[in-house]
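Examining the three-dimensional arrangement
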Amino acid sequence: MVLNRGNEMENIRRKNKMIETYSILLIDILGVVLSYALSLFIRFRIIHYENYPRQFHLMVGTYIVVLCLLYNMFLDANRNFFTRGYYQEFYYTVRYTLILVVGLVVVLYLTQQSYEFSRSVYGIFAILNTLFTYAAHMVFKKVLWKYYRKSTSAEKMLVITKDLMAEEVISNLIKGKEWYYDITAAVVYDADRIGQSIKSVPVVAAKENLYETVVQMAVDEVFICLPEVPVIEIRDMVQRFEEMGLTCHYNVDLFCRANPNTYVQQMAGYSVISFALKTMDSRRMLIKRLIDILGALVGLFLTALITPFVALAIKMDSSGPVFFSQMRIGKNGRRFKIWKFRSMYIDAEERKKELQAQNEMNGLMFKMEDDPRVTKVGRFLRRTSIDETPQFLNILVGNMSLVGTRPPTEDEFEQYSGYYRRRMSITPGLTGLWQVSGRSDIQDFEEIVKMDLEYIDNWSLGLDIKILFMTVFTVLGRKGSK
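It should be emphasised that the depicted structure is a prediction, and the values quoted were computed from it without experimental measurement. (Residues numbered from 1 in each chain as written. Predicted model: local features only at pLDDT ≥ 70, side-chain atom pairs only at ≥ 80, totals over all residues. Heavy atoms only, no water.)

What follows concerns the overall build of the protein. A count of helical and extended segments in the protein gives 15 helices and twelve strands. Among the 482 residues that make up the protein, the fraction classed as buried is 44%. Within the protein, contacts between residues at least 6 apart in sequence are counted, and of these 71% link residues at least 24 apart. Just so you have it, the protein exposes about 26400 Å², and 60% of that area is on carbon and sulfur atoms. (Helix = DSSP H or I, 4+ residues; strand = E, 2+ residues; numbered from the N terminus. Buried < 20%, exposed > 50% of the residue type's maximum accessible area, 1.4 Å probe, protein only. Contact = heavy atoms within 4.5 Å. Areas by Shrake-Rupley, 256 points an atom, 1.4 Å probe, with all protein chains shown as cover.)

Before going further, it helps to examine helix α14 (residues 445-457). A rise of 1.5 Å per residue sets the reference length of α14, with its 13 residues, at 18 Å; its end C-alpha atoms lie 18 Å apart and thus fit the reference within 8%. For α14, every residue scored as buried is listed here: Phe445, Ile448, Val449, Met451, Asp452, Leu453, Tyr455 and Ile456. (Expected span 1.5 Å × (residues − 1).)

Time to look at a nonpolar patch on the surface. A grouping of Leu34, Leu38, Phe41, Ile46 and Ile47 is seen on the molecular surface, where their side chains present a nonpolar patch of about 470 Å² in accessible area. Tracing the sequence through the fold places Ile47 in helix α1 (residues 6-47). (Patch = residues over 30% accessible without salt bridge, like charges linked within 9 Å, V, L, I, M, F, W, Y side chains within 5 Å. Salt bridge = Lys/Arg side-chain N within 4 Å of Asp/Glu carboxyl O.)

As a general rule, the predicted coordinates of low-pLDDT regions are not to be interpreted in detail. The share of residues in the protein with pLDDT of 70 or more is 83%, and the mean pLDDT across the chain is 82. Confidence over residues 1-6 falls short of pLDDT 50; this stretch has 20 contacts with residues more than four positions distant or in other chains. (pLDDT = per-residue confidence, 0-100.)

With that out of the way, let us pick up the pattern of salt bridges. Scanning the model with the defined rule gives ten salt bridges in all. Across the salt bridge formed by Asp464 and Lys288, the nearest N and O atoms sit 2.5 Å from each other. Here Lys288 lies in helix α8 (residues 282-317) and Asp464 lies in helix α15 (residues 461-477), a separation of 176 residues in the sequence. Pair check on accessibility: Asp464 and Lys288 agree, each one buried. Here Glu410 makes a salt bridge to Arg335, at a shortest N to O gap of 3.6 Å. Placement of the pair is Glu410 in helix α12 (residues 410-413) and Arg335 in strand β10 (residues 335-341), with a sequence separation of 75 residues. One connected set of salt bridges, linked through shared partners, spans Lys340, Glu388 and Arg406.

A few words on the packing of aromatic side chains. As enumerated under the stated definition, the model contains twelve aromatic pairs in all. The ring of Tyr211 has Arg240 sitting right over it, with the charged end atom 3.9 Å from the ring centre. (Phe/Tyr/Trp six-rings, centres within 6.5 Å; stacked < 30°, edge-to-face > 60°. Lys NZ or Arg CZ within 6 Å of the ring centre and 35° of its normal.)

Burial within strand β1 (residues 155-161) is extensive, with seven of its seven residues counted as buried. By the alternation rule, side chains of β1 split into Glu155, Met157, Val159 and Thr161 and Lys156, Leu158 and Ile160, which are all buried. As defined by bridge partners, β1 adjoins strand β2 (residues 181-188) across seven bridges and the pair is classed as parallel. By the bridge assignment, Ile160 is partnered in β2 with Val187. (Pairing = 2+ DSSP bridges.)

Turning next to the sheet that holds strand β5 (residues 221-225). If you walk across this open sheet you meet the six strands as β3-β4-β2-β1-β5-β6, and the pairing is mixed. Across the chains shown, the open sheet's two edge strands, defined by having one partner strand only, are β3 (197-198) and β6 (247-250). Along the sheet face, helix α7 (residues 231-243) touches β1, β5 and β6 and points at about 175 degrees away from the line of β5. (Axes fitted to C-alpha atoms, helices over the stretch in contact; angles between N-to-C directions.)

Here we take up the side chain of Glu89. Mapping Glu89 onto the fold places it in helix α3 (residues 86-110). Those residues in contact with Glu89 that lie beyond four places of it in its chain are Phe81, Arg84, Tyr134, His137, Met138 and Lys141.

This next bit is on helix α9 (residues 348-355). Residues spaced three or four apart along an α-helix face the same direction, because each turn holds 3.6 residues. What α9 keeps buried is the set Ala348, Lys352 and Leu355. Relative to the axis of α9, the buried residues are bounded by an arc of 75 degrees and lie together on one face. Seen from the open side of α9, the exposed residues pointing more than 90 degrees away from its buried face are Glu350, Lys353 and Glu354. On the buried face of α9, the contacting elements are α12. (Arc of directions from axis to C-beta.)

Time to look at the environment of Leu100. By the secondary structure assignment, Leu100 is in helix α3. In sequence terms Leu100 and Leu67 are 33 residues apart; their C-alpha atoms lie 6.3 Å from each other. The residues contacting Leu100, other than those within four sequence positions of it, are Val32, Ile64, Leu67, Cys68, Phe125 and Asn129.

Our next topic: the nonpolar core. Grouped together as the largest cluster of nonpolar side chains are 30 residues, with contacts concentrated most on Ile395, Tyr416, Phe445, Tyr455 and Ile467. Looking at this core, the elements that each hand over two or more residues are α8, β10, α11 (392-397), β11 (401-403), α14 and α15. Of all the elements, α14 adds the most residues to this core, at seven residues. Not counting chain neighbours up to four residues away, the residues in contact with Ile395 comprise Arg289, Asp292, Ala296, Met400, Ser401, Leu402 and Leu430. (Core = buried A, V, L, I, M, F, W, Y, C linked by side-chain atoms within 4.5 Å.)

Where α8 contacts helix α10 (residues 376-383), the two axes come as close as 8 Å, and the packing angle between them is 145 degrees. Taken together, the residues of α10 that come into contact with α8 (itself represented by Val310, Ala313, Ile314 and Asp317) are Lys376, Val377 and Leu381. Looking at the contact of α8 with α10 residue by residue, the classes come out as five nonpolar, no polar and two charged. (Nonpolar A, V, L, I, M, F, W, Y, C, P; charged D, E, K, R; others polar.)

Shown next, in the form of structure tokens:
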């Protein structure tokens, strides 16, 4: 918990994060530009000397730079940049290059320019970009780790802790992978270990000479981990460091477990510590919402085109309305009305109780392979997922998203435990991870919950895009649909 100069410290960390993000982006852009320029030189000046259309290849170079920008923006591939080792970094670099090459192939094909582009340039570019980017990433990491942390610009941190936990605390801080601070010294509060080292960090003081020593030190921040020390003693310590102009971090270890989504904020004038299993980046959530709106508009346009034909088929097959609406549960228990093309007889809800004993799904969801409530036209609508297309209206107004967890009915939600309820901690979606992993073939609700939580815990824009593509292939292949 940041007890002092919290806003200033947060601004510093945001600044450092921006330096990290935009430095990597600049390295990647320089890498693709250099790789592309060299690949053209090798192909047209070394392998086979000939003239080439400069304007065309400048345009292709622009495509590559744009693809690089989109990759960094949407896939968030460098989120764990400093935790990746040599082999993992190489894997991500190869994946990144392949995505660029495949993206370029698609762009040139869609713009009908692929026949003008030399095929050998693809291969040369892929090899050079992988080598350049990998080398640049590793050098960048080394520079920040080895040189920046030891420079005068790095945040100098003093660790104050107890003897029994000193090695563990300092090890954890060293493994924290933050490149912009350097642990310069330690204080063992309850023992005299002055002159010794813990994980190569020198012990400079104990409780008795703490403040006299710190006054003379080059230090920016103090990390305090002193469980069971009285609050009044901690408060006095923080106030004295405050007088020195230092930033204090006091470890509040309430649950004895790591949680990266714990943060401090102001609420109605109170400083509170907030805990969450998963927090979503607001910038990427905004992009997700924009994708939802664009997808919903396209989906509603297509729905409008097919509605006259679907409505006629529904009316000819059975009596009742064309559209079906039902109250569903959305994000964190919000109620909303979902819309579908009607695929069942109008007395379906009343007959559900009679069929409950024939439920083929284990758990809090009803599924029947040969559900007698489904009409003939309804079976076709369900197999092709056409019955779901009116939900693009739900997506447009914000009740649903293109990708998420499927919204349960009210009677299902009433039986949820706290564990099940977590699957509703995000906006429900038209499609999701379990829909593209078997759809109706999955017979256990526990498996559905497991996949929903896997999606929530690993959410990224790249995962959403992957699921959308998988949904198209799943629907076209009618995999798992019944």
